[in-house]
Amino acid sequence: MDDLSNRRILLIDDTPSIHDDFRKILTPPAADANSLDDLEAQLFGAQAKPRQQPFELDSAYGGQEGLNKVCQALEQQRPYALAFVDMRMPQGWDGAQTIERLWQEDPRLQVVVCTAYSDYSWEDLLERLQGHNRLLILKKPFDNIEVQQMASTLTSKWEMTARALLQMHHLEDLVEQRTEDLRQAGAALQQEIDERKQLENQLVQSEKLASLGQLAAGVAHEINNPIGFVASNLGSLAGYLEQISQLLTAYRQSEEAIAAPELRKRLQSLRESIDLDFLQEDIPLLIKESKDGIGRVEQIVKDLKNFSRVDSDQHWQMADLQQGIDSTLNIVASELKYKADLIKHYQPLPEIECLPSQLNQVVMNLVINAAQAIGPERGTITLSNGVAGDRVWLEVSDSGCGIDEQHLQKIFDPFFTTKPVGQGTGLGLSLSYGIVKKHGGQISVRSQLGVGSTFRVELPIRQGPHRPDPA
Ligand SMILES: Nc1ncnc2c1ncn2[C@@H]1O[C@H](COP(=O)(O)OP(=O)(O)OP(=O)(O)O)[C@@H](O)[C@H]1O
Ligand SMILES: [Mg+2]
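Residues numbered from 1 in each chain as written. Chains lettered and ligands numbered in written order. Predicted model: local features only at pLDDT ≥ 70, side-chain atom pairs only at ≥ 80, totals over all residues. Heavy atoms only, no water.

Going by the annotation in an unreviewed UniProt entry, the name recorded for the protein chain is histidine kinase, with Pseudomonas idahonensis given as the source organism. Recorded in UniProt under Catalytic activity (unreviewed entry), the annotation for the protein chain is "ATP + protein L-histidine = ADP + protein N-phospho-L-histidine." (UniProt positions renumbered as here; feature names shortened; annotations may be inferred.)

Here is the structure:
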């Protein structure tokens, strides 16, 4: 027996004698029935019949009382399976009204209408109650076995309906659970696909950057040699020209001593036509400017090599962050020149354990973003750095457009860009984020729309024992 078995019956009838009759029919004293069965088993050797669970009969003498009992039973979670309802009850609600109210409270209740005479035609009653599948009619005077059978069949029907309902809920739960599992599996798969796509794209991007860096370093290396001899030749040339100039001055001073007037005149007019004074003055200046120019090219080459750090082969190493920042600024100088003034608030930094070329990429991304955030009016980009405990920090501030509140959450996402197609791929910050994380550091942003933004990078001075693979 489980808790779906329900043999509870309510009789609603205003005639007390009917209640006695029902009691006799439905709840005979247990001993009688059982002892007869046992006797039969003993006499004829038949197996004792499985005993039916007895009915539990409650009485109500009017519709309202019946409804109260049904509500009470529901509250106690012991609903009735079946109600016998008298159709004609002159006091209070009649049978039809009672049944209507009962079903409003408990739609599962099976109902038998008991009647000798009805104020309604059966068609009207069925039409009104709309409960064709829960309603039987028992005409008075009734037959005992008919009442017993109805009670038996309808309580079983209640039980089966309850069981089917439970099963259905169970199945629905199962389907819901499976659907949810499938949905989650689908979402996890989609997330994995997205992550893979992002990783692939990041890989492509960083490979592109790495090969660009290699190219730059290769070109720098090639340029290095010719620049070396041009610089050294310029040095020699300056010395030679100085000597020649001294010689020319000596010649000029001895010009007056030349005896042949014609030769003297020719030399004089030649000197005036080439403006020897000016040449002697200008040549050292030209040489100096050329030396300066070559010096600058040498610096750019050095910065390029430093920036790409191909020499260092992407190893974790102790490196000077400041030097990396300055080289990177030199590389992007042409981007900044016409847009912003650069302000530096530097403090001496210790060398940090890092992948220098990757950190240079971060600085470059931040500085270029800062420059791009500055509108047509000239702005400022401020670089500050410092040490805090066992970490160093670097801030890149700009007086640019600032970042919309709703974008702040997304700027580190791969491919998030507010720049026109062709100008931004939306990978700069996401790559930078990855690099800083790889260093066990943090990158954060403060921004005010229309005022500017500050990106802050914090990096540990030393890596822990589990520093990741540079790649
Ligand atoms: N300094 C800044 N000021 C204002 N907005 C910024 C700043 N830095 C980043 N952003 C915003 O964050 C977005 C993402 O930046 P991110 O560097 O990742 O990509 P991008 O600059 O658009 O493209 P890419 O760097 O690939 O060329 C930018 O499109 C911009 O909207
Ligand atoms: Mg960018």
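Now, onward.
Q: Before we move on, could you go through the sheet that holds strand β2 (residues 56-60) and cite the residues and values that matter?
A: Taking strand neighbours across the sheet as the criterion, the five strands line up as β2-β1-β3-β4-β5 in an open arrangement whose pairing is parallel. For this open sheet the edge positions go to β2 and β5 (135-139), each flanked by a neighbour on one side alone. The average undirected angle you get between the axes of adjacent strands in this sheet is 20°. Running over the sheet, helix α5 (residues 122-129) touches β4 (110-115) and β5 and is turned about 150° from β5. (Pairing = 2+ DSSP bridges. Helix = DSSP H or I, 4+ residues; strand = E, 2+ residues; numbered from the N terminus. Axes fitted to C-alpha atoms, helices over the stretch in contact; angles between N-to-C directions. Contact = heavy atoms within 4.5 Å.)

Q: Let's hear about the packing of aromatic side chains: which residues, and what values?
A: A full pass over the atoms with the stated rule returns four aromatic pairs. With a centroid separation of 5.3 Å and 80° between ring planes, the pair formed by F22 and F142 is classed as edge-to-face. Of this pair, F22 sits in helix α1 (residues 16-26) while F142 sits in the loop between β5 and α6 (144-253), placing them 120 residues apart in sequence. Here F142 falls in the buried class, since its relative accessible area comes to 16%. (Phe/Tyr/Trp six-rings, centres within 6.5 Å; stacked < 30°, edge-to-face > 60°. Buried < 20%, exposed > 50% of the residue type's maximum accessible area, 1.4 Å probe, protein only.)

Q: Go over the sheet that holds strand β10 (residues 391-398) with me, naming the residues and quoting the values.
A: Strand order across the open sheet formed by five strands is β7-β9-β10-β12-β11, with mixed pairing between neighbours. Each end of this open sheet is capped by a strand with a single partner; those strands are β7 (340-345) and β11 (442-448). In this sheet, adjacent strand axes meet at a mean angle of 15° when their direction is disregarded. Bridge count for β10 against strand β12 (residues 452-460) is eight bridges, and the pairing is antiparallel.

Q: Any chance you could break down the nonpolar core for me, citing the residues and the numbers?
A: Residues I352, L366 and I381 are the most contacted members of the largest nonpolar core, which totals 35 residues. If you list the elements that add at least two residues to this core, you get α9 (321-331), β8 (352-354), α11 (356-373), β9 (379-388), β10, α13 (428-438) and β12. Looking at this core, the element that brings in the most residues is α11, giving eight residues. When residues no more than four places from it in sequence are discounted, the contact partners of L366 are V396, L429, I443, F455 and V457. Core analysis: the second largest hydrophobic core is formed by 22 residues, Y80, M89, L109 and L125 among them. (Core = buried A, V, L, I, M, F, W, Y, C linked by side-chain atoms within 4.5 Å.)

Q: Please set out the site of ligand 1 residue by residue, giving values where relevant.
A: Neighbouring ligand 1 are 21 residues, the closest being T417, T418, K419, T425 and L429. A distance of 2.5 Å separates an oxygen atom of ligand 1 from a polar atom in the side chain of K419. S453 places a side-chain nitrogen or oxygen 3.4 Å from a nitrogen atom of ligand 1. Alone, ligand 1 offers 590 Å² of accessible surface; in the complex the protein occludes 91% of this. Only α11, α13 and β12 provide two or more residues apiece to the shell around ligand 1. The element that contributes the greatest number of residues to the shell around ligand 1 is α11, accounting for three residues. Partitioning the shell around ligand 1 into residue classes produces nine nonpolar, ten polar and two charged. (Near = heavy atom within 4 Å. Polar contact = N/O pair within 3.5 Å; in protein donor to acceptor, adjacent residues only side chain to side chain. Areas by Shrake-Rupley, 256 points an atom, 1.4 Å probe, with all protein chains shown as cover. Nonpolar A, V, L, I, M, F, W, Y, C, P; charged D, E, K, R; others polar.)

Q: If you had to explain the side chain of E255 to someone new, which residues and values would you point to?
A: By the secondary structure assignment, E255 is in the loop between α6 and α7 (261-274). Not counting residues up to four positions away in its chain, the partners in contact with E255 are R264, L267, Q268 and R271.

Q: Break down the side chain of T454 for me, with residues and values.
A: Considering the arrangement of structural elements, one finds T454 in strand β12. The class of T454 is buried, set by a relative accessible area of 12%. Of the polar contacts made by the side chain of T454, one reaches the side chain of S397; its length is 2.9 Å. Those residues within four positions of T454 in sequence are excluded, and the remaining contacts are E395, V396, S397, S444, V445 and R446.

Q: Break down unusual backbone geometry for me, citing the residues and quoting the values.
A: In this structure, P141 follows K140 across a cis peptide bond, with omega equal to -5°. You can see P141 is positioned in the loop between β5 and α6. Even without being a glycine, Q77 presents a positive backbone phi close to 60°. In this structure, Q77 sits in the loop between α3 (63-75) and β3 (82-86). Despite not being glycine, D275 has its phi angle at roughly 50°, a positive value. Among the secondary structure elements, D275 is positioned in the loop between α7 and α8 (276-308).

Q: Describe the pattern of salt bridges, listing the residues and the values that go with them.
A: A full pass over the atoms with the stated rule returns 19 salt bridges. Across the pair R78 and E56 runs a salt bridge, and its minimum N-O distance is 2.9 Å. With R78 in the loop between α3 and β3 and E56 in strand β2, this residue pair connects regions lying 22 residues apart in the sequence. You can call E56 partly exposed: its relative accessible area is 34%. Three or more residues joined by partner-sharing salt bridges are found here, namely R391, E395, R446, R456 and E458. (Salt bridge = Lys/Arg side-chain N within 4 Å of Asp/Glu carboxyl O.)

Q: Outline α7, supporting the account with residue identities and numerical values.
A: Between its first and last C-alpha, α7 extends 20 Å over 14 residues, near the 20 Å set by a 1.5 Å rise per residue. For α7, the buried fraction is low: one of the 14 residues fall into the buried class. Of the residues flanking the end of α7, it is D275, one or two places downstream, whose phi is positive at about 50°. (Expected span 1.5 Å × (residues − 1).)

Q: Which residues make up the packing of helix α4 (residues 95-105) against α5, and what values go with them?
A: For the pair α4 and α5, the least separation of the axes is 10 Å and the interaxial angle reads 25°. Relative to α5, the element α4 is oriented roughly parallel. Handedness of the crossing formed by α4 with α5: right-handed. Of the residues in α5, those in contact with A96, Q97, I99, E100 and W103 of α4 are L125, R128 and L129. Per-class residue counts for the contact of α4 with α5 are five nonpolar, one polar and two charged. (Parallel < 35°, antiparallel > 145°, perpendicular 65-115°, else oblique. Left-handed = near helix turned anticlockwise from the far one by under 90°.)

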